[in-house]
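# Structural characterization, general
These are the residues of each chain, in order.
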Amino acid sequence: MPHALITGANRGLGLGHTRTLLEREWTITATCREPEKADDLKALDPGDGRLRIVRYDAAKLDAAETLAKEVSGPIDILFANAGAMGPKDQSFGHAASQAFLDTMAVNALAPLALAEAFADQVAASQMKVIALQSSRMGSIADNDSGGRYVYRASKAALNAIGKSLSIDLKDRGVIVLILHPGWVRTDMGGPNGLLTIQESVDGELDLIARANPAMSGRFFHVNGQDLPW
């Protein structure tokens, strides 16, 4: 039975991925900061042992190492989904702040720490996929409006990390996918998004299902198109 580890699984896309993979008979290790408050996530439990909810806070540097002590066995999909939008005001003149560093820790450093902590378990699986939940706003070439310094920088850093991971883990057979989920109607994306959570989840899982070495280290739109760096 395939196994996925999904961070930020208590809401939005993480919750959607957890629900869909459970419906497909996967085993899921679902993480969130406060499992005791994750009612929507707990409601997905099929009661057959396939869903395990584990505490994990992407803002803490040692969180991945702690998590690795609790998760055993091969991991077919390591999905670094947990992320943060950063402070409300990210305009020029207000962006250089502690909040910049805090957001970078969640969006870039935490996925790297996860990859370092779980690379062996991913490499031991059948699918061998690390999926990074990025954003089109991390594309430098696509930035024609400026602003959003904190979020843009953190996702650009994540993209660079994903590219390096694809090179460093190639010999171990690990495929690294860098994904833009589209503009999704979530708490983070807002009510005007163009995609439902399920539409985005289905698109991302289709890309993951087709993962092969030629796709590793590339930056994909949820519709399958390559995005510019």
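Look up a bit, the structure's there.
So, here's what we can say about the structure. Just so it is clear, the model here is predicted, and its values are computed rather than measured. (Residues numbered from 1 in each chain as written. Predicted model: local features only at pLDDT ≥ 70, side-chain atom pairs only at ≥ 80, totals over all residues. Heavy atoms only, no water.)

## Topic: the pairing of strand β1 (residues 3-6)
Here β1 shows two buried faces, one formed by H3 and L5 and the other by A4 and I6. Two strands pair when backbone bridges link them, and β1 and strand β2 (residues 27-32) are joined in this way by four bridges, in the parallel orientation. If you follow H3 over to β2, its bridge partner there is T27. With helix α1 (residues 12-23) bridging β1 and the parallel β2, this β-α-β connection has right-handed handedness. (Buried < 20%, exposed > 50% of the residue type's maximum accessible area, 1.4 Å probe, protein only. Helix = DSSP H or I, 4+ residues; strand = E, 2+ residues; numbered from the N terminus. Pairing = 2+ DSSP bridges. Right-handed = clockwise from strand over helix to strand, strands pointing away.)

## Focus: the sheet that holds strand β3 (residues 51-55)
The strand order across the open sheet built from seven strands is β3-β2-β1-β4-β5-β6-β7, with neighbouring strands paired in parallel fashion. With partners counted over all chains shown, the strands left at the sheet margins are β3 and β7 (218-221), one partner each. For this sheet the average axis-to-axis angle between neighbouring strands, irrespective of direction, equals 20 degrees. This element, helix α4 (residues 98-123), spans β1, β4 (77-80) and β5 (129-133) of the sheet and lies at about 175 degrees to β4. Together, β5, β6 (175-180) and β7 form the strand contacts of helix α5 (residues 149-168), whose direction differs from that of β6 by roughly 160 degrees. (Axes fitted to C-alpha atoms, helices over the stretch in contact; angles between N-to-C directions. Contact = heavy atoms within 4.5 Å.)

## Digging into the packing of aromatic side chains
Enumeration according to the criterion identifies two aromatic pairs in this entry. For the pair F219 and W229, a centre-to-centre distance of 5.8 Å together with 20 degrees between the ring planes defines the contact as stacked. Separated by ten residues along the polypeptide, F219 in strand β7 and W229 in the segment after β7 bring together distant segments of the chain. In this structure F219 comes out as buried when scored by relative accessible area, which is 1%. (Phe/Tyr/Trp six-rings, centres within 6.5 Å; stacked < 30°, edge-to-face > 60°.)

## So, helix α6 (residues 197-209)
The end-to-end C-alpha distance of α6, which contains 13 residues, comes to 18 Å, matching closely the 18 Å that a straight helix rising 1.5 Å per residue would cover. Taken as a whole, α6 has its buried residues at S200, V201, G203, E204, L205, L207 and I208. At its buried positions, α6 is contacted by α1, β4, β5, β6 and β7. (Expected span 1.5 Å × (residues − 1).)

## A look at the nonpolar core
The nonpolar side chains of a soluble globular protein tend to be buried with one another. By size, the foremost hydrophobic cluster in this structure holds 32 residues, and its most contacted members are L67, L78, L114, F118 and I130. Mapped by element, the contributors of at least two residues to this core are α3 (63-68), β4, α4, β5, α5 and β6. Among the elements that line this core, the one with the most residues is α4, at ten residues. For F118, the contacting residues outside a window of four places in its chain are L5, A64, L67, A68, V71, I75 and L78. Counting 29 residues, the second largest nonpolar core, distinct from the first, contains A4, I77, L205 and F220. (Core = buried A, V, L, I, M, F, W, Y, C linked by side-chain atoms within 4.5 Å.)

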